[in-house]
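Summary of the model geometry
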Amino acid sequence: MNELLISPTVSLCIGAFVQWGFLMAFLYSLAHSINKPNKERVYLSLVMSVSYSFSIFKNMDTVTYLDFLFSDILTLLVIISLRRLWHDGITYLYIITGLAINSTLHFLMHYDIYISNNTSYWWLWNAYAIGVNAADFIMVAIFFINKDFLYLMKFRNGLITSLKRTVDG
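In this report, we go over the structure that sits alongside the text. (Residues numbered from 1 in each chain as written. Predicted model: local features only at pLDDT ≥ 70, side-chain atom pairs only at ≥ 80, totals over all residues. Heavy atoms only, no water.)

When a protein is soluble and globular, its nonpolar side chains tend to lie buried together. Membership of the largest hydrophobic core comes to 19 residues, with the highest contact counts inside it found for F22, M48, I79, I95 and L99. Looking at this core, the elements with two or more residues in it are α1 (8–32), α2 (40–53), α3 (65–81), α4 (90–115) and α5 (123–145). Ranked by residue count, the leading element in this core is α4, at five residues. Discounting chain neighbours no more than four positions away, the residues touching L99 are M48, Y52, D72, T75, L76, I79 and M139. With ten residues, the next largest nonpolar core counts L105, L124, W125 and V132 among its residues. (Core = buried A, V, L, I, M, F, W, Y, C linked by side-chain atoms within 4.5 Å. Buried < 20%, exposed > 50% of the residue type's maximum accessible area, 1.4 Å probe, protein only. Helix = DSSP H or I, 4+ residues; strand = E, 2+ residues; numbered from the N terminus. Contact = heavy atoms within 4.5 Å.)

Structural data, given as C-alpha cells:
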C-alpha cells in the first residue's frame, strides 16, 4: 500500500468508519423494516456490509487499486444479480452509482500509476481521494436519509423520458 495515495493508518481509520457505517445501516434498515413488505434496504445494506467487511482481511501494506476495483466490481455484480429482491428505488440507484464511481476511480488510478508509470502528483489523485471517500459516505448516508438529495432519480427519470421520446420519434 505504499504506492497508495492515503497512508495505511488513515485508510484503516476511514475504512473502519465506512464498515461501521454499513453495519449500522444494516441494523437500522432491519429494525425499520420489521413490519414492512419492502426489504430492499435491508438486502442492499447487508450486501454492502459484507462486501466492505472483507477489507478486514486485506493486507493494507500490499493491497493495490486493482484489488479495490475487483472488490467493487464483484459487489456490483452481486447487487445486479440480486436485483429481483428490490424495486429499483433510490437506495439501489445511489449504491449502484457510488460503486460505479469508485470502480472508475480505482481503474483510473491503477492505469495512471501501474500502466502509465506516472509518479507525479496531479489533479486525478485529489479527485480520487475525495471521490472515493465521498461516494462511500454518500452510500452509507442514503440508508439513513432515503431521499433523492443529489437528484439522481430525477436525472435518471428525465434521461429515460428523453430517450423514449427520441426512440418514439
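Attention now moves to a nonpolar patch on the surface. Where nonpolar side chains cluster on the molecular surface, the patch consists of Y28, F144, I145, F149 and L150 and spans about 420 Å² of accessible area. Here F149 lies in the loop between α5 and α6 (152–168). Classification of F149 as partly exposed rests on a relative accessible area of 33%. (Patch = residues over 30% accessible without salt bridge, like charges linked within 9 Å, V, L, I, M, F, W, Y side chains within 5 Å. Areas by Shrake-Rupley, 256 points an atom, 1.4 Å probe, with all protein chains shown as cover. Salt bridge = Lys/Arg side-chain N within 4 Å of Asp/Glu carboxyl O.)

The next subject is unusual backbone geometry. You will see that N117, though not glycine, has its phi angle at about 55°, which is positive. Despite not being glycine, Y151 has its phi angle at roughly 60°, a positive value. Residue position: Y151 is located in the loop between α5 and α6. By relative accessible area, Y151 is classed as exposed at 54%.

So, to be careful, I would describe these as geometric facts and stop short of saying anything about function.
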